[in-house]
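Tertiary structure, described
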Amino acid sequence: MSVSQSKKGDFAAVRQAIKALLHQPEYDDGSAGPVLVRLAWHSSGTYDINTDTGGSNGAGMRYEYEGGDPANAGLQHARVFLEPVKEAHPWITYSDLWTLAGAVAIEEAGGPSISWQGGRTDFVDDTKILKNKIAGRLPDATQGAGHLRKVFYRMGFNDQEIVALSGAHTLGRCHGDRSGFEGPWVNNPTRFSNQYFKLLSTLEWKPKTLPSGVKQFMYYDEDTETELMMLPTDMALLADPGFEPWVRRYGEDKDLFFRDFAKVFSKLMELGIERDAEGRITNTDNELGGYLS
Ligand code: HEM
């Protein structure tokens, strides 16, 4: 059956196409959603507020220098899931498609609605990625609170926003062959909730060294016979006096978390993007200003 092509700028049609691919019974926990959220975040989280480089414009992960950053291991799965959408809606840029897919995946997992605007352009080659060295900018999960602040302050976030963003770890899991870490954070990793904060702040997490030598934290849930995990950086949120109050508040107040998460995820998707009063992107790579012309 041939897929009818949408008109340029018909983001509603693209949203529908993304929704239709989320259910993937053979993949991980049955959903493409979590890895799509990680793709959206990694495409935006390269932003450096001091040099105004990186961010979600460009879709630089299509090129080896950024795509081959070890932090991006496994994200080819997300890009492969989205390829049929790009084929059916060729007018959309990859940078818009990846960020929109993250927003749709969060909403469809039962999360808050995310305000999202289009108009990003894709790099036509890797010149900017090489010149600005867009690699090695994402957080390292083996580190502590100081590292998190260094990386997320560079993007322009504060402590509360760092904690809110980390709540995305209620979705998905770690894969030994991608990051070296293993397992899900929560029992129902395809449903967006504040469970990550509840578990982080109430369970007794024990250090565990995997056979590979990688150190993480574990809790064995006897009811579901599932081993849950936390990264060293997740535990750092609990140990740090600036982060910890937010971990507890979000664990106690799901509505507050949903409100704050929606705001901060939107902000993440907009890093490095400047818009005029009509929402048209003014710092694109070409003269078109995306699709809004
Ligand atoms: C997965 C680290 C922040 C969303 C992961 C994984 C690591 C990691 C090591 C496992 C990757 C794999 O093995 O497949 C970190 C660190 C962060 C951070 C150190 C610093 C705070 C975030 C943020 C978001 C996010 C801000 C989104 C807003 C996700 C999602 C997954 C994930 C959804 C699951 C992916 C899947 O199931 O394939 N993260 N992350 N993370 N991360 Fe983060």
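Definitions and limits used
Residues numbered from 1 in each chain as written. Predicted model: local features only at pLDDT ≥ 70, side-chain atom pairs only at ≥ 80, totals over all residues. Heavy atoms only, no water. Helix = DSSP H or I, 4+ residues; strand = E, 2+ residues; numbered from the N terminus. Buried < 20%, exposed > 50% of the residue type's maximum accessible area, 1.4 Å probe, protein only. Contact = heavy atoms within 4.5 Å. Areas by Shrake-Rupley, 256 points an atom, 1.4 Å probe, with all protein chains shown as cover. Lys, Arg positive; Asp, Glu negative; His and termini not counted. Charge placed at Lys NZ, Arg CZ, Asp CG, Glu CD. Donors = N, O, S within 2.8 Å, 3.2 Å for Na, K, Ca; no water. Near = heavy atom within 4 Å. Polar contact = N/O pair within 3.5 Å; in protein donor to acceptor, adjacent residues only side chain to side chain. Pairing = 2+ DSSP bridges. Axes fitted to C-alpha atoms, helices over the stretch in contact; angles between N-to-C directions. Phe/Tyr/Trp six-rings, centres within 6.5 Å; stacked < 30°, edge-to-face > 60°. Core = buried A, V, L, I, M, F, W, Y, C linked by side-chain atoms within 4.5 Å.

1. Some points on the overall build of the chain
Scanning the chain for helices and strands turns up 12 helices and 5 strands. For the chain, the spread of C-alpha atoms along the principal axes amounts to about 55 × 45 × 40 Å. Looking at the 293 residues of the chain, the share that counts as buried comes to 54%. Intrachain contacts of the chain at a sequence separation of at least 6 include 68% that bridge at least 24 residues. In the structure as shown, the chain presents an accessible area of about 13500 Å², 50% of it carried by carbon and sulfur atoms. Taking the 31 positively charged and 41 negatively charged side chains of the chain as two groups, their mean positions are separated by 3 Å.

2. Notes on the coordination of the iron atom of the ligand
Within the protein, a single donor atom binds the iron atom of the ligand, namely His 169 (NE2) at 2.1 Å. Assignment of secondary structure puts His 169 in the loop between α8 (159-166) and β1 (173-174).

3. Considerations on the site of the ligand
Around the ligand, the surrounding shell holds 25 residues, and the nearest of these are Trp 41, His 169, Arg 173, His 175 and Ser 179. The contact in question runs from a nitrogen atom of the ligand to an N or O atom on the side chain of Trp 41, over 3.2 Å. His 175 is positioned with one of its side-chain polar atoms (N or O) 2.6 Å from an oxygen atom of the ligand. Counting residues per element, the ones that place at least two in the shell around the ligand are α2 (33-44), α7 (145-155), α8 and β1.

4. Examining the sheet that holds strand β3 (residues 206-209)
Judged by pairing direction, the sheet is antiparallel, and its 3 strands sit side by side in the order β3-β4-β5 without closing on themselves. Sheet topology places β3 and β5 (226-230) at the edges, where each strand pairs with a single neighbour. When strand polarity is set aside, the average angle formed by the axes of neighbouring strands in this sheet is 50°. Where β3 and strand β4 (residues 215-221) come together, 4 bridges link them in antiparallel fashion.

5. Description of the packing of aromatic side chains
In the structure shown here, the tally under the stated rule is 18 aromatic pairs. Note on Phe 197 and Phe 257: the rings are 5.0 Å apart at their centroids and 75° apart in plane angle, and the pair reads as edge-to-face. Here the residue Phe 197 occupies a position in helix α9 (residues 195-202), and Phe 257 occupies one in helix α12 (residues 254-269), the gap between them amounting to 60 residues. Judged by relative accessible area, which is 0%, Phe 257 ranks as buried.

6. Brief notes about the nonpolar core
Residues Ile 18, Leu 36, Leu 82, Phe 152, Phe 157, Phe 265 and Leu 268 are the most contacted members of the largest nonpolar core, which totals 78 residues. When neighbours within four sequence positions are excluded, Leu 82 is seen to be in contact with Ile 18, Leu 21, Leu 36, Leu 39, Leu 97, Trp 98 and Ala 101.

7. Overview of the environment of Val 151
Tracing the backbone shows Val 151 in helix α7. Overall, Val 151 belongs to the buried group, its relative accessible area being 8%. Separated by 113 residues in sequence, Val 151 and Val 264 place their C-alpha atoms 15 Å apart. Sequence-distant contacts of Val 151, defined by excluding residues within four places in its chain, comprise Arg 137, Leu 138 and Pro 139.

Interpretation note: all reported values are geometric properties and have no functional meaning in isolation.
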